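Next come the chains, spelled out residue by residue.
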Amino acid sequence: MSRCAEAAAVAATVPGADVGNAGPRPPMVPRQASFFPPPVPNPFVQQTRMGAARRIQIFFLGIILLPIRAILVALTLLLAWPFAAILTACCPEKLTHPITGWRRKIAQPALKLLGRALFFSMGFIVTVKGKIASPVEAPIFVVAPHSTFFDGIACVIAGLPSMVSRNENVHVPLIGRLLRAVQPVLVSRVDPDSRKNTINEIIRRATSGGEWPQDTVTWTWQGYAFIQLCILTWCQPFTKVEVEFMPVQAPNDEEKSDPVLFAGRVRKLMAEALGIPVTDHTYEDCRLMISAGQLTLPMEAGLVEFTKISRKLKLDWDGIRKHLDEYAAIASSSKGGRIGIEEFAEYLKLPVSDVLRQLFALFDRNHDGSIDFREYVIGLAVLCNPANTEEIIQVAFKLFDVDEDGYITEEEFSTILQASLGVPDLDVSGLFKEIAQGDSVSYDEFKSFALKHPEYAKIFTTYLDLQTCHVFSLPEEGPSPPSVSRNKVSPETRDEGTSDKKDD
């Protein structure tokens, strides 16, 4: 795209008096279009709202069903515990070899039967579709979506495969012994090497030729607590569950060299079978969600689809976490933890003007009149950081340094910003004091501020592009274009980023 076309595209984003009624926007390039918001804003929280009639029904049914099912569940668990103890006796918490021999032959069938009895006593009626594959044919068994504690039904139906579970779960009385009986892969959320160790352990078991049970991979985060879930479920007359075993999926040659492709294909097939959307949220999003809550933002404000954002924008955890602190400083005073045009202007210490609306509109990707954290991160990476180069900083400094003495005074700073923002009576004293150490700004001070605040880079480049477009649009012979301010950048010096041309 030519410089003039770029400037025209930027200029087309200027809204009217209301940000929500913005005019035409520049078409998105493929890279931008790939950052559409996820179909599910927060997949980590499961919420169920019940009306008054439903609550009354649960109350009266619970008086009868709850004590009966609690007794049946307790008896089943007590019967299962001796078999689990036999299976795990003299075995370390983290197994290095699969449990074999007579213990497995005796205890495994009994635990499978008691597992089915356990869920039947809870009121579950389970139907099964598809064919269960053997551990040799499919050493890894993936269950989705994992949103409740009752997902263990799929594991019981599949023959008690090994599960990926939190390390803390094996220390729960009674339940921990039963969990150890299925020879789980234990994950620690406080160990930085836990993810790598878990992957290596799954690979080791999956390539054992069927010696280990199938490995089950599931994941959940926030929803009903265990006791709440049990009470709500046991107070129902019955709960229907369907478990579908899909055909075994094997990676092709391309997917063997890039496991992410294979994982993405399997995930897509499972989502299509379930009729649910797919997002790129990961455990890092959970960490950001917790950080957002600590910064007094709504927890969902921290969700950005970390995997997609980090891969496409080349950002790491520390960089995105730093952006969250910046975002919180702007959005903490607004309702809902989102940045409106007023908060945006206050943060930049600039008035609401057409140029500021242009910048705000570029951040506001879904055109709802506000900027969420995801839009903020994408905007900084796609719009501001590429514009915040050494060349742009040099040109911007020379643009402000009207008398070319190597320093920017408050008068020079005010003159250029008034012209670029189109606000003749603009007061920039607050912004100038934030940049300057004294009465003037050196290049080093200006550069340091620009690198810490890339949001201003887009304002500089927009102003320069519009001036360049104006120069290019003039006839080859004719009067020189009127100066918007005392300092004007010509196309030649704009491209080289070396000097400016004064209009004396």
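Quantities reported herein were computed from a predicted structural model and do not represent experimental measurements. (Residues numbered from 1 in each chain as written. Predicted model: local features only at pLDDT ≥ 70, side-chain atom pairs only at ≥ 80, totals over all residues. Heavy atoms only, no water.)

1. Focus: helix α7 (residues 194–206)
Selection criterion: Runs of E in the DSSP output that reach at least two residues are strands. Runs of H or I that reach at least four are helices, and both are numbered from the N terminus. Residue count minus one, scaled by 1.5 Å, sets the expected span of a helix. Buried, partly exposed and exposed residues are distinguished by accessible area as a fraction of the type maximum, computed with a 1.4 Å probe on protein chains only: under 20%, between the cut-offs, and over 50%, respectively. The arc in question is traced by the directions running from the helix axis to the C-beta atoms.
In a regular helix each residue adds 1.5 Å, so 13 residues correspond to 18 Å; α7 covers 18 Å between its end C-alpha atoms and thus fits that length. Where α7 is concerned, the buried positions are S194, T198, E201, I202 and R205. An end-on view of α7 places all buried positions within 100 degrees of arc, on one side of the element.

2. Regarding the packing of aromatic side chains
Condition: The criterion for an aromatic pair is that two Phe, Tyr or Trp rings (for Trp, the six-membered ring) have centres within 6.5 Å, with stacked assigned to planes under 30 degrees apart, edge-to-face to planes over 60 apart and tilted to the rest.
Throughout the structure, instances matching the rule amount to 12 aromatic pairs. Look at F413 and F432: their rings are 5.7 Å apart centre to centre, the planes differ by 55 degrees, and that puts the pair in the tilted class. Taken as a pair, F413 in helix α18 (residues 410–421) and F432 in helix α19 (residues 429–435) lie far apart in primary sequence, 19 residues in all. Since its relative accessible area comes to 4%, F413 is described here as buried.

3. Observations regarding unusual backbone geometry
For L174, which is not glycine, the phi torsion reads 65 degrees and is therefore positive. Position of L174 among the secondary structure elements: in the loop between β3 (162–166) and α6 (175–180). For L174, a relative accessible area of 28% corresponds to the partly exposed category. A positive phi angle, close to 55 degrees, is found at Q183, a residue other than glycine.

4. Remarks on the pairing of β3
How we decide: Any two strands with at least two DSSP bridges between them are considered paired.
Relative to strand β4 (residues 185–187), β3 runs parallel, the two sharing three bridges. Within the sheet, the bridge partner assigned to R166 lies in β4 and is V187.

5. A few points about the nonpolar core
Note the following rule: In this description, a nonpolar core means a group of buried Ala, Val, Leu, Ile, Met, Phe, Trp, Tyr and Cys residues linked to one another through side-chain atoms lying within 4.5 Å. We call two residues in contact whenever any of their non-hydrogen atoms come within 4.5 Å of each other.
Judged by nonpolar contacts, the single largest core of 53 residues is most densely connected at F344, Y376 and F413. Discounting chain neighbours no more than four positions away, the residues touching Y376 are H323, E326, Y327, I330, I339, F363, I371 and E455. Core analysis: the second largest hydrophobic core is formed by 35 residues, F124, I153, I157 and A158 among them.

6. Quick word on the side chain of T279
Spelled out, the test is: Nitrogen and oxygen atoms within 3.5 Å of one another constitute a polar contact, given that in protein one can donate a hydrogen and the other can accept it, and given that sequence-neighbouring residues count only through two side-chain atoms.
Looking at where T279 falls in the secondary structure, it is placed in the loop between α10 (259–274) and α11 (283–294). Side chain to side chain, T279 and H281 meet in a polar contact 2.8 Å long. The residues contacting T279, other than those within four sequence positions of it, are P38, P39, V40, P43, R267 and E305.

Note that every value here comes from positions in space, so none of it alone points to a role or purpose.
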